[in-house]
Amino acid sequence: MVDLEKASPGRSPEREPVPRADGEGCLVVAVRLPVRIVVLVLVLPVRMAWDALVVAGRFLRDTVLRPVGRALAWLGRAVFVWPLVGLWRYVVVPVAQGVGWLGNVLLVVPAVWVYRWLLTPVGHALGWFFRGVGAVLAAVGRGLYAGLAWFGRGVYCGLAWLARYLVVVPAGWLYAWVLTPIGHLLAWCGRGLAWCGRGVLWCLGQIVTGIGAVLYWTVRILLVLPALAVWRWVLVPVGRALAVVGREVLDALGHAWRIAGHLSRAVGRALAALFRWTVAEPARWVYRSVLTPVGHAVRDTVLRPLAEAARSARRAGRQALGSVRLSVRQARADLRRTLFGKPVRTPSVDRREPSGARTRTLEKRT
């Protein structure tokens, strides 16, 4: 078809608004913006309080709870785990090994010996004895079974002949000439009664069907059709309206929560920047520009000379203590020499020389 309407110069056909696929009406679009604004106003304080609690919780976790937890874990290991491990390793395990060794020596080894050298031979002897007795009893049983089987076959044949001519033949005659005609007569009477009953049941079914149809249409007209009308023209529109409102409220809550998160993040970053420029940066500048040069000056002018003086005094003290110790040692040696005389020094013997050379060396020295 040919488009007879001219397109406006400021509006191209490609930029025309495309209708929404979900079929939202103007009422939904009109309700959405106020609902989102109201929800944003209500959710923003909650989101900012939540973010503040999250930051406080993380700070408390990193600065208090985690160190306290590690300390409690170390204390628990020191108080409970390590003593139990030591008790298990150095008390329970050796005692259990000793008890196991005693049980093996006092119970297992004697029991194995009794089983191997006493019970096993006795069991073999009893098995041989019972096998012989069983073979004898089996032979006697086979003989008795053969005799009883022959006697039973004779009795069975006699009883079968008697049962055939005293029971089976009279019963066949009675069934063929008495019971069969009576059964046919009773079946014919039953078929007649069945036809009569079927007619009665058909009449009762028609009566019940009519009553059911009347009740069905009565209930349908008085209950079902009004309930269906209420459902179709009242509950369904109200439910759709409530569903639209609920969906919009949920969407508004989601958008408000995300927008409040962005705003809370922006506020947090602004507070962090304010703290950094008002506290952290001045403190850093004071540390770098004032405290560090002052500390270096104090170190170079006071601490290092004091350290050198302390090291020199320590060296002088060590030298004085060494000289005093040497003097005391010499005085003690002089006193021992004065009281006890000069000690006799035994000649050293070279252990690598042979016995004869060692004897000649001692004779020369004497």
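Keep in mind that what you see is a predicted model, and the values were worked out from it rather than measured.

A closer look at the overall build of the protein chain
- When helices and strands are counted, the protein chain shows two helices and zero strands.
- Taking contacts inside the protein chain between residues at least 6 apart in sequence as the whole, the part at least 24 apart equals 68%.

Focus on the pattern of salt bridges
- Evaluation of the coordinates by the stated rule reveals seven salt bridges.
- Residue aspartate 51 pairs with arginine 47 through a salt bridge whose shortest N-O separation is 3.2 Å. Remark: arginine 47 and aspartate 51 occur in helix α1 (residues 26-340); sequence separation between them is four residues, near one turn of the helix. This pair shows no difference in class: aspartate 51 is buried, exactly as arginine 47 is.
- For aspartate 62, the salt bridge goes to arginine 61, with nearest N and O atoms at 3.2 Å.
- For aspartate 62, a relative accessible area of 40% corresponds to the partly exposed category.
- Assessed through its relative accessible area of 39%, arginine 61 is described here as partly exposed.

Topic: the packing of aromatic side chains
- One pass over the structure, following the stated rule, counts four aromatic pairs.
- With 6.2 Å between their ring centres and 90 degrees between their planes, tryptophan 74 and tryptophan 82 make a pair best called edge-to-face.
- In this structure tryptophan 74 comes out as partly exposed when scored by relative accessible area, which is 48%.
- Its relative accessible area of 45% is what places tryptophan 82 among the partly exposed residues.
- Aromatic side chains phenylalanine 129 and phenylalanine 130 sit 5.5 Å apart centroid to centroid with 65 degrees between the ring planes, which places their arrangement in the edge-to-face category.
- Overall, the relative accessible area of 47% leaves phenylalanine 129 in the partly exposed class.

Description of the layout of surface pockets
- For the largest pocket, the calculated volume is near 330 Å³.
- Around the largest pocket, the lining comprises 13 residues; the ones closest to its centre are Asp51, Ala52, Val55, Ser264 and Gly268.
- A class-by-class count of the residues in the lining of the largest pocket yields six nonpolar, three polar and four charged.

Let's talk about a positive patch on the surface
- On the surface, a cluster of positive charge is contributed by Arg325, Arg329, Arg332 and Arg336.
- Its place among the elements puts arginine 329 in helix α1.

Some thoughts on the confidence of the model for the protein chain
- Summary statistics for the protein chain give a mean pLDDT of 81 and a share of 85% for residues scoring 70 or more.
- In this model residues 1-21 is a low-confidence stretch, pLDDT under 50, and it forms two contacts with partners more than four residues away in sequence or in other chains.

Rules behind the numbers
Residues numbered from 1 in each chain as written. Predicted model: local features only at pLDDT ≥ 70, side-chain atom pairs only at ≥ 80, totals over all residues. Heavy atoms only, no water. Helix = DSSP H or I, 4+ residues; strand = E, 2+ residues; numbered from the N terminus. Contact = heavy atoms within 4.5 Å. Salt bridge = Lys/Arg side-chain N within 4 Å of Asp/Glu carboxyl O. Buried < 20%, exposed > 50% of the residue type's maximum accessible area, 1.4 Å probe, protein only. Phe/Tyr/Trp six-rings, centres within 6.5 Å; stacked < 30°, edge-to-face > 60°. 1 Å grid on protein atoms, 1.4 Å probe; cavity = no way out; pocket = protein on both sides within 12 Å on 5 of 7 lines; lining within 4 Å. Points joined across faces, edges and corners; volume = space filled by probe spheres on them. Nonpolar A, V, L, I, M, F, W, Y, C, P; charged D, E, K, R; others polar. Patch = residues over 30% accessible without salt bridge, like charges linked within 9 Å, V, L, I, M, F, W, Y side chains within 5 Å. Areas by Shrake-Rupley, 256 points an atom, 1.4 Å probe, with all protein chains shown as cover. Lys, Arg positive; Asp, Glu negative; His and termini not counted. Charge placed at Lys NZ, Arg CZ, Asp CG, Glu CD. pLDDT = per-residue confidence, 0-100.

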